[in-house]
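Observations on the model geometry
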Amino acid sequence: MIVEVVIFKIATFLNVYIFNINYNLLVKHNSGESRRRQKYKSHKYKDDDIPKTPLMMSFTSYRTDLDAKHDKSERLVKLSRDITIESKRVIFLLHRTTKEDKSNLILEADKKLHSLEQSHWKNVALELHGEDIYLFLRSYTQGLQEYVEAVSFLYYLKHKDLVPLSIVKDSLTFHNVDSGAVTTKTISVEVPIIDFALGLTDLGGELMRLAINSIGVGDFTTPKEICSFLRAFYDGLMNFRATNWQMNKKLQVLRNSLSKVENACYTLKIRGSEAPKELLRDLVSSVSTTTCNTDEYDN
Amino acid sequence: MSYQIPQMFSSFQDVIDQEQIIRESVKSSVQNLEQTSRTILALIQTIHQENGVKTAKEVAQKAREMFTTVRKYYEELASKIPSEQYYKYHDHWRFVTQRICFLAAFTTFIQDGRLISKSEVAEMLNVKSERTKDSFHLDLEDYLMGVLQMASELSRFAVNSVTAGDYETPCKISNFMSELDGGFRLLNLKNDSLRKKFDGLKYDIRKVEEVVYDIRIRNLSTKK
């Protein structure tokens, strides 16, 4: 009888002991887990190792679905980043129009944007084919906005007007695509209005730079044109009641750009007749930086 | 000089206004869903009371019957979403869906002692299970979030079962939760809200294991 009790006590003790070890292991396992997970992120479990219970089986299929989604959005983020870089290059290229031959630069920008559409954007369209684009919009909206900025800047230099949404949509629609995986008549990248408008708003900053730079080379008509265009643009956006936080921020930036251009025009009018052209640029930039807060202008 | 700007923005405005109408109507359906989910949740909460533990199965059955209302509202909601725009409005019903997944998973565990699968939840909610471009479906991450919510509710239930004198349920819950943990470990989670929620699972498991430990050390469980 006593022996039985003793054995039982030992058994309970061992049980507790083992339990604690397991418990400690569990806690340790979890705390070190994030690092290990990072390290073996691409590690795929061998499916033979997984116990074949219904729960584990369904989680295996959930993993497949989750991975597919994450991989796709990762690929889109990469494409979007490349598109951003290339679009920024086009914008810089177009800023040279104040100094160099305009038509050549515009041709070059056209060519660059076209090749961007045929390579990166076509891949984006292929990735999005058959998907709900709003699931992945967050992954490619940055690239889209920067691209819209570049396209609208180019369009402004050509036509002195705002690029219509239909033109951007047409450039991002591809016909007779045959990529092995997908063979279809037309695929396109959807351009949601909000994201299009967000891209357009960035145009303000570029036009402001263009206006200031034009003064530097003695071109006094461009700033005036830009000024009236930006005013109309700002008015249009003010009436556009699709405000989200990004839009509000960008509107503030646009407002700053506009007031810089307005101040520049003012300075031109007042001082234009008395100061030599070379001095005017410095004058204009010093006036415009003191009258409005430049810190809010990022990008 | 005249620009295209005013015409352009007024055409944008029309689209945005249309969207706004859809949003308002979606919100009202979601509110109905929230109301129903609160009612079910209130019912489920009675399980934690001392006599509730004994009648858990009946309560779960009652909760399951209330899903007919949930089905009705999901059908209404689905009819409001334009094709291919599920994720445009997803944020509106994300949280309520997670909670309803939790309720579905919890009732199923109480009744059958197993994890409800995603397709079963979708069936209960009267929505599609697979993500396709043009159907109202159950988002996988919402389902998984709901399952994790169930885990923390179960850890609470384990504690309260003991208080009510039920020593078998905590052991069942413990086994179930460790299998669930194994399941979640199969997933490659990103650094998002699901990942954060999953990181909380270990505390729920620890709680249940402590309960089981207390039961075992006092030899209260009749099962060996």
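Residues numbered from 1 in each chain as written. Chains lettered and ligands numbered in written order. Predicted model: local features only at pLDDT ≥ 70, side-chain atom pairs only at ≥ 80, totals over all residues. Heavy atoms only, no water.

As recorded by an unreviewed UniProt entry, chain B carries the name Translin and is attributed to Dimorphilus gyrociliatus. Quoted straight from UniProt, the Subunit (unreviewed entry) entry for chain B says "Ring-shaped heterooctamer of six TSN and two TSNAX subunits, DNA/RNA binding occurs inside the ring." Listed in UniProt under the heading Sequence similarities (unreviewed entry), the comment for chain B reads: "Belongs to the translin family." (UniProt positions renumbered as here; feature names shortened; annotations may be inferred.)

Chain A goes by DgyrCDS11606 in an unreviewed UniProt entry, where it is assigned to Dimorphilus gyrociliatus.

**Description of the overall build of chain B**
Looking only at helices and strands, chain B features nine helices and zero strands. Moving toward the C terminus, one meets the helices and strands of chain B in the order α-α-α-α-α-α-α-α-α. Considered along the principal axes of its C-alpha atoms, chain B spans approximately 90 × 35 × 25 Å. Across the 224 residues in chain B, those meeting the buried criterion constitute 52%. Taking the contacts inside chain B whose residues are at least 6 apart along the sequence as the reference set, 75% of them involve residues at least 24 apart. Of the roughly 10200 Å² of accessible surface on chain B, a fraction of 49% belongs to carbon and sulfur atoms. A distance of 4 Å separates the average location of the 32 positive side-chain charges in chain B from that of its 31 negative side-chain charges. (Helix = DSSP H or I, 4+ residues; strand = E, 2+ residues; numbered from the N terminus. Buried < 20%, exposed > 50% of the residue type's maximum accessible area, 1.4 Å probe, protein only. Contact = heavy atoms within 4.5 Å. Areas by Shrake-Rupley, 256 points an atom, 1.4 Å probe, with all protein chains shown as cover. Lys, Arg positive; Asp, Glu negative; His and termini not counted. Charge placed at Lys NZ, Arg CZ, Asp CG, Glu CD.)

**Quick word on the overall build of chain A**
Along chain A, the regular secondary structure elements total 10 helices and two strands. Mapped in sequence order, the helices and strands of chain A form the string α-α-α-α-α-α-β-β-α-α-α-α. Within the span of chain A, comprising 299 residues, buried residues form 47% of the whole. A separation threshold of at least 6 residues defines the contact pool for chain A, and within that pool the share at least 24 residues apart is 74%.

**Some thoughts on the UniProt feature "binding site: Mg(2+)" (unreviewed entry) in chain A**
Residues and elements named next belong to chain A. Mapped onto the present numbering, the UniProt feature "binding site: Mg(2+)" (unreviewed entry) falls at E149 and E206. Taken along the chain, the residues just named run across 58 residues; in space they keep tight, none of their C-alpha pairs more than 8.6 Å apart. Following the sequence through the fold, E149 ends up in helix α5 (residues 133-159). Looking at the secondary structure, you find E206 in helix α7 (residues 193-216). What makes E206 buried here is its relative accessible area of 5%. A distance of 2.8 Å separates a polar atom in the side chain of E206 from a polar atom in the side chain of H95. (Polar contact = N/O pair within 3.5 Å; in protein donor to acceptor, adjacent residues only side chain to side chain.)

**Digging into the UniProt feature "binding site: Mg(2+)" (unreviewed entry) in chain B**
Listed under "binding site: Mg(2+)" (unreviewed entry) in the UniProt record, and renumbered for this structure, are B:E153. Its location among the elements puts B:E153 in helix α7 (residues 140-163).

**Examining unusual backbone geometry**
All names here are of chain B. A positive phi angle, close to 70°, is found at E84, a residue other than glycine. Structurally, E84 can be placed in the loop between α4 (67-80) and α5 (86-112). Judged by its relative accessible area of 37%, E84 is partly exposed. With a phi angle near 55°, N219 is a residue other than glycine that sits in the positive phi range. Assessed through its relative accessible area of 35%, N219 is described here as partly exposed.

**A short note on the packing of helix α3 (residues 54-95) of chain A against helix α8 (residues 168-185) of chain B**
The contact between α3(A) and α8(B) brings their axes to 9 Å, and the two run at 25°. Comparing their axes, α8(B) and α3(A) come out roughly parallel. The chirality of how α3(A) crosses α8(B) is right-handed. Along the contact surface, α3(A) presents A:L55, A:M56 and A:F59, while α8(B) presents B:F176, B:E179, B:L180, B:G182, B:G183 and B:F184. (Axes fitted to C-alpha atoms, helices over the stretch in contact; angles between N-to-C directions. Parallel < 35°, antiparallel > 145°, perpendicular 65-115°, else oblique. Left-handed = near helix turned anticlockwise from the far one by under 90°.)

**A short note on α5(B)**
Since the α-helix packs 3.6 residues into each turn, any two residues three or four apart lie on the same face. All names here are of chain B. Given a rise of 1.5 Å per residue, 27 residues ought to cover 39 Å, yet the end C-alpha atoms of α5 are separated by just 32 Å, more than 12% below that figure. Remark: the principal bend of α5, roughly 60°, maps to H92. Taking burial as the measure, the 27 residues of α5 include 21 buried ones, the bulk of the element. Directly after α5, the chain includes G113, whose backbone phi takes a positive value near 65°. (Expected span 1.5 Å × (residues − 1). Bend = angle between axes of the 7 residues up to and from the residue.)

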